[in-house]
Amino acid sequence: MEVKIKDTTLRDAAKEGMDAFIDAFRQAILEAIGGELNKDTMPLLNADQITLLAYETVREEVLDGGFVQLIHNGYGPFIFMNPFAKAMHQWGATDFRNLIYKGRKLYEAHAKELEKDCTDEEFMALFERFPEFDDLDDAFVEMEEEVTALVARYIDGHVERFATVVM
């Protein structure tokens, strides 16, 4: 599947900063696959495009509600049971890869409880029941800006792996 991004969109996003730059690619990828990454659309993308969407999922979920939320919202298998951590290492994010590996161990130990349906009150109680995720959340918050900058640099150095720039 060819993902296209307008040169003007890319230039404007680059002026706004790394978050906008990354988001421009994320939006172009999602637009190309109809707005949602799922079992039907995933095979249409390459590994770098999927890794970018995975990183943005981690970033959004963890900054909003931590790894407990990420897992509860059903992203555990996508992040922890796929080669996401390995891909991030290949992009140069070794510390982040190590964090994902630590998260995988906790995910494997607690997935059943964290993934089951529950009330809002029961969901909030998960944070107290699984405090071991707090250290992961804190570590990600501390490294997020650096990892995001690294992701932006990787995309900038490999634009052709993410999208075709069109006029």
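Residues numbered from 1 in each chain as written. Predicted model: local features only at pLDDT ≥ 70, side-chain atom pairs only at ≥ 80, totals over all residues. Heavy atoms only, no water.

Along the backbone of the protein there are eight helices and two strands. Counting from the amino terminus, helix and strand elements in the protein follow one another as β-α-α-α-α-α-α-α-α-β. Rg of the C-alpha trace for the protein: 16 Å, near the compact-globule value of 15 Å for 167 residues, within the 12% margin. When its C-alpha atoms are laid out on the principal axes, the protein stretches across 50 × 30 × 25 Å. Buried positions account for 47% of the 167 residues belonging to the protein. The long-range fraction of contacts in the protein, counting pairs at least 24 apart against all pairs at least 6 apart in sequence, stands at 69%. When the accessible area of the protein is evaluated, it comes to approximately 9,200 Å², of which 48% is carbon and sulfur surface. With 17 positive and 34 negative side-chain charges, the protein shows a separation of 7 Å between the mean positions of the two kinds. (Helix = DSSP H or I, 4+ residues; strand = E, 2+ residues; numbered from the N terminus. Rg over C-alpha atoms; globule rule 2.2 N^0.38 Å. Buried < 20%, exposed > 50% of the residue type's maximum accessible area, 1.4 Å probe, protein only. Contact = heavy atoms within 4.5 Å. Areas by Shrake-Rupley, 256 points an atom, 1.4 Å probe, with all protein chains shown as cover. Lys, Arg positive; Asp, Glu negative; His and termini not counted. Charge placed at Lys NZ, Arg CZ, Asp CG, Glu CD.)

What follows covers helix H1 (residues 7-16). Among the residues of H1, those classed as buried are Asp7, Leu10 and Ala13. Along H1, the residues classed as buried sweep out an arc of 130° about the axis, all on the same side. The exposed residues of H1 that point more than 90 degrees off its buried face are Arg11, Lys15 and Glu16. Remark: Gly17 follows H1 within two positions and exhibits a positive phi of approximately 125°. (Arc of directions from axis to C-beta.)

What follows concerns the pattern of salt bridges. Counted according to the given criterion, the structure contains nine salt bridges. In this structure, Arg26 and Asp23 form a salt bridge, with 2.8 Å as the shortest nitrogen-oxygen distance. Linking Arg26 with Asp23, this pair stays in helix H2 (residues 18-32), spanning three residues, or about one helical turn. Overall, Arg26 belongs to the buried group, its relative accessible area being 19%. Ionic contacts of the salt-bridge type, sharing partners, join the residues Asp19, Glu56, Arg59 and Glu144 into one network. (Salt bridge = Lys/Arg side-chain N within 4 Å of Asp/Glu carboxyl O.)

As a further point, take H2. Side chains three or four residues apart in an α-helix point the same way, a direct result of the helix having 3.6 residues per turn. Taking 1.5 Å per residue, 15 residues should reach 21 Å; H2 reaches 21 Å between its end C-alpha atoms and fits that length. Among all positions of H2, only Phe21, Ile22, Ala24, Phe25, Arg26, Ala28, Ile29 and Leu30 are buried. Contacts made by the buried residues of H2 are with strand E1 (4-6), H1, helix H3 (47-72) and helix H8 (132-157). Among the residues trailing H2, Gly34 stands out with phi positive, at a value near 85°. (Expected span 1.5 Å × (residues − 1).)

Two packed helices can be described by the angle between their axes and the distance between those axes. Contact geometry for H3 and helix H6 (residues 94-115): axes closest at 11 Å, N-to-C directions at 40°. Judged by the angle between their axes, H3 and H6 are oblique. Considering only the axes of H3 and H6, their crossing is left-handed. The segment H3 lies against H6, with Tyr55, Val58, Phe67, Val68, Ile71 and His72 engaging Phe96, Leu99, Ile100, Tyr107, Leu114 and Glu115. (Axes fitted to C-alpha atoms, helices over the stretch in contact; angles between N-to-C directions. Parallel < 35°, antiparallel > 145°, perpendicular 65-115°, else oblique. Left-handed = near helix turned anticlockwise from the far one by under 90°.)

Residues Glu132, Asp134, Asp135, Asp138 and Glu142 make up a contiguous surface patch of negative charge. In this fold, Asp138 is placed in helix H8. (Patch = residues over 30% accessible without salt bridge, like charges linked within 9 Å, V, L, I, M, F, W, Y side chains within 5 Å.)

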